[in-house]
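So you can see what is in the structure, the chains are spelled out below.
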Amino acid sequence: MKVNGTLMNYYIHCPRQCYLFGNRINLEDNSEDVKIGRVLHEERAEDKNTEIALGNIKLDKLTKEYLIEVKKSDADVEACKWQLLLYLKILKDKGIVRKGKLEFIEKKKTPKKTMILELTPELEIILEKHVKAIDELLKCDEVPPVLDKSSCKKCAYYEYCYI
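Description of the structure in this document. In this text the structure is predicted, and so the values were computed from the model without any measurement. (Residues numbered from 1 in each chain as written. Predicted model: local features only at pLDDT ≥ 70, side-chain atom pairs only at ≥ 80, totals over all residues. Heavy atoms only, no water.)

**Side note on unusual backbone geometry**
Part 1: With phi around 65°, Arg-24 is a residue other than glycine that occupies positive phi space.
Part 2: Examined against the element boundaries, Arg-24 turns out to sit in the loop between α2 (15–22) and α3 (32–48).
Part 3: Within the chain, Asp-148 stands out as a residue other than glycine whose phi angle is a positive 55°.
Part 4: Mapped onto the elements, Asp-148 comes out in the loop between α5 (121–139) and α6 (158–162).
Part 5: Note on Asp-148: relative accessible area 58%, which makes it exposed. (Helix = DSSP H or I, 4+ residues; strand = E, 2+ residues; numbered from the N terminus. Buried < 20%, exposed > 50% of the residue type's maximum accessible area, 1.4 Å probe, protein only.)

**Regarding helix α1 (residues 5–13)**
Part 1: Most of α1 sits inside the fold, with seven of its nine residues counted as buried.
Part 2: Of all the positions in α1, only Gly-5, Leu-7, Met-8, Asn-9, Tyr-10, Tyr-11 and His-13 are classed as buried.
Part 3: Elements that come into contact with the buried residues of α1 comprise α2, β2 (57–59), β4 (66–73), α4 (77–93) and α5. (Contact = heavy atoms within 4.5 Å.)

**A short note on the pattern of salt bridges**
Part 1: Scanning all chains against the criterion turns up eight salt bridges.
Part 2: For the salt bridge of Lys-89 with Asp-93, the shortest nitrogen-to-oxygen distance reads 2.7 Å. With Lys-89 and Asp-93 both in helix α4, this residue pair falls four residues apart, about one helical turn.
Part 3: The exposed category is assigned to Asp-93, whose relative accessible area is 56%.
Part 4: Note that Glu-136 and Lys-139 form a salt bridge whose closest N and O atoms lie 3.8 Å from each other. In this pair, Glu-136 and Lys-139 are both assigned in helix α5, three residues apart and thus about one turn of the helix distant.
Part 5: When salt bridges that share partners are traced, they join Lys-89, Lys-92, Asp-93 and Glu-124 into one network. (Salt bridge = Lys/Arg side-chain N within 4 Å of Asp/Glu carboxyl O.)

**Overview of the layout of surface pockets**
Part 1: Taken as a whole, the second largest pocket holds about 290 Å³ of empty space.
Part 2: Around the second largest pocket sit 16 residues that line it, and Lys-2, Val-3, Leu-86, Ile-90 and Asp-93 are the ones nearest its centre.
Part 3: Within the residue set of the lining of the second largest pocket, elements represented by two or more residues are α4 and α5.
Part 4: It is α5 that provides the largest number of residues to the lining of the second largest pocket, a total of five residues.
Part 5: Here the lining of the second largest pocket is composed, by residue class, of seven nonpolar, two polar and seven charged. (1 Å grid on protein atoms, 1.4 Å probe; cavity = no way out; pocket = protein on both sides within 12 Å on 5 of 7 lines; lining within 4 Å. Points joined across faces, edges and corners; volume = space filled by probe spheres on them. Nonpolar A, V, L, I, M, F, W, Y, C, P; charged D, E, K, R; others polar.)

**Some details on the sheet that holds strand β5 (residues 99–106)**
Part 1: The strand order across the open sheet formed by four strands is β3-β4-β5-β6, and the pairing between neighbours is mixed. Two strands bound the open sheet, and with one partner strand each, they are β3 (61–62) and β6 (114–117). (Pairing = 2+ DSSP bridges.)

**Some remarks on empty space enclosed by the protein**
Part 1: Per the counting criterion, the structure on display carries one cavity of 30 Å³ or more.
Part 2: Roughly 120 Å³ of volume is contained in the largest cavity.
Part 3: In terms of lining, the largest cavity is formed by 15 residues, of which the most central are Cys-14, Gln-17, Cys-152, Cys-155 and Cys-161.
Part 4: Those elements that provide at least two residues to the lining of the largest cavity are α2 and α6.
Part 5: When its residues are assigned to classes, the lining of the largest cavity shows ten nonpolar, three polar and two charged.

Written out as structure tokens, the structure is:
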């Protein structure tokens, strides 16, 4: 499976979630939070009709200056940042250079509703390491261990991991 934004987000958030999703164990349809996020995303996309499918990724909005990624919540900013950086790299490889903008509908942890990111050579090196690690993870025979963090309780895979 070619690494996409969802896999990158899940890998940073929880390697176990990344492994399960990447190996076609999808429990997202059972999650209320995921359903709410999809509805908010669809409503926003309907209003502006800006989503772009590019290979195995979907970009929320592309302007002359920014690639904009909209997230329901800032619950895991780091995972969102790496997802957006992956998208910026994919665009760059196609000759399209942009800055990234993360927009959060609900904010709990960050002081602002938007964050601006730029893909630097240093971040590209780290990104490539993440992509290789995800490729290796998905080939493993064993499911990674449960992280047992407080955020696990809101995860779509909670019942799979704890029951």
